[in-house]
Amino acid sequence: MVAQHVKARWKGFVEARHLVADAELARLGDVKLVPGMPVEAFIRTSERTVLSYVIRPVYDQIKRAFREK
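Keep in mind the model is a prediction, meaning the values are calculated, not measured. What you see as residue numbers is a count from 1 along each chain, following the sequence as written. Note on the predicted model: pLDDT of at least 70 is required for a residue's local features to be given, and 80 or more for side-chain atom pairs to be given and counted; whole-chain, interface and lining totals, by contrast, use all residues. Computation of side-chain values: all heavy atoms of the structure, hydrogens and water removed.

K.L.:
Got a minute to help me understand the overall build of the protein in this structure?
P.N.:
Secondary structure is summarised from DSSP: a helix means a run of H or I of at least four residues, a strand means a run of E of at least two, and numbering begins at the N terminus for each. Helix and strand counts for the protein come out as 2 helices and 2 strands. When the elements of the protein are put in sequence order from the N terminus, they spell out β-β-α-α. Think of it in three bands: with a 1.4 Å probe and only protein chains considered, a residue is buried below 20% of the maximum accessible area for its type, exposed above 50%, and partly exposed in between. Taking all 69 residues of the protein together, 0% fall into the buried category. Per-residue and other accessible areas follow the Shrake-Rupley method at a 1.4 Å probe size, with only the shown protein chains counted as cover for residues. Summing over all exposed atoms, the protein offers an accessible surface of approximately 7,400 Å²; the carbon and sulfur share of this is 58%.

Below is the structure:
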């Protein structure tokens, strides 16, 4: 699957459009895909290191702390 368009509507929900290869559709057999069906998909954004998972939350908090209101 390839994400063509991703649009955040609110926190925790992302609308995405995917292309599904014909070979993958053939694997479904008699199952029919219809609009609005829930989907679980992994969207690769960029590679991250273990250290980035630790540092990013700290960095985000520091960034928010120094923001003017």
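K.L.:
Could you clarify how one ought to interpret the environment of A16 in this entry?
P.N.:
Tracing the backbone through its elements, the reader meets A16 in strand β2 (residues 13-19). Along the chain, A16 and V39 lie 23 residues apart, while their C-alpha atoms are 10.0 Å from each other.

K.L.:
Is there a simple way to explain helix α2 (residues 50-65) in this structure?
P.N.:
An α-helical turn contains 3.6 residues, so a residue and the one three or four places further along point in the same direction. Under the 1.5 Å per step criterion, the end-to-end length of α2 is 24 Å for 16 residues, consistent within 8% with the ideal 22 Å. The largest bend along α2 measures about 30 degrees and falls at R56, with the proline P57 one to four residues further on. To estimate the expected span of a helix, subtract one from its residue number and multiply by 1.5 Å. Two axes enter the bend calculation: one fitted to the seven residues ending at the residue in question, the other to the seven starting there, and the bend is the angle between them.

K.L.:
Can you walk me through a nonpolar patch on the surface in this structure?
P.N.:
On the surface, V20, L25, L28, V31, L33, V34 and M37 cluster together to form a nonpolar patch covering roughly 540 Å² of accessible area. Checked against the element boundaries, L25 lands in helix α1 (residues 22-26). Overall, L25 belongs to the partly exposed group, its relative accessible area being 35%. For patch building, the residue pool is restricted to those with more than 30% relative accessible area and no salt bridge; the joining distance is 9 Å between like charges and 5 Å between nonpolar side chains (Val, Leu, Ile, Met, Phe, Trp, Tyr). Within this document, salt bridges are pairs made up of a side-chain nitrogen of Lys or Arg and a carboxyl oxygen of Asp or Glu, the two lying within 4 Å of each other.

K.L.:
I tried to follow the pattern of salt bridges on my own but got confused; where do I start?
P.N.:
If charged atoms from side chains of opposite charge come close, those side chains can pair. One pass over the full model with this rule turns up 2 salt bridges. Across the salt bridge formed by R27 and E24, the nearest N and O atoms sit 3.0 Å from each other. On the basis of relative accessibility, which here comes to 40%, the residue E24 falls in the partly exposed class. The closest approach of N and O atoms between D60 and R56, which form a salt bridge, is 3.1 Å. Linking D60 with R56, this pair stays in helix α2, spanning 4 residues, or about one helical turn. Overall, the relative accessible area of 46% leaves R56 in the partly exposed class.

K.L.:
I'm lost on the confidence of the model for the protein in this one. Help?
P.N.:
Low pLDDT marks stretches whose predicted atomic positions should not be read closely. For every residue, the pLDDT score states the predictor's confidence, bounded by 0 at the bottom and 100 at the top. Taken over all residues, the pLDDT of the protein has a mean of 78, while the share at 70 or more is 77%. No element of the protein has a lower mean pLDDT than strand β1 (residues 2-10), at 48, and none a higher one than α1, at 90.

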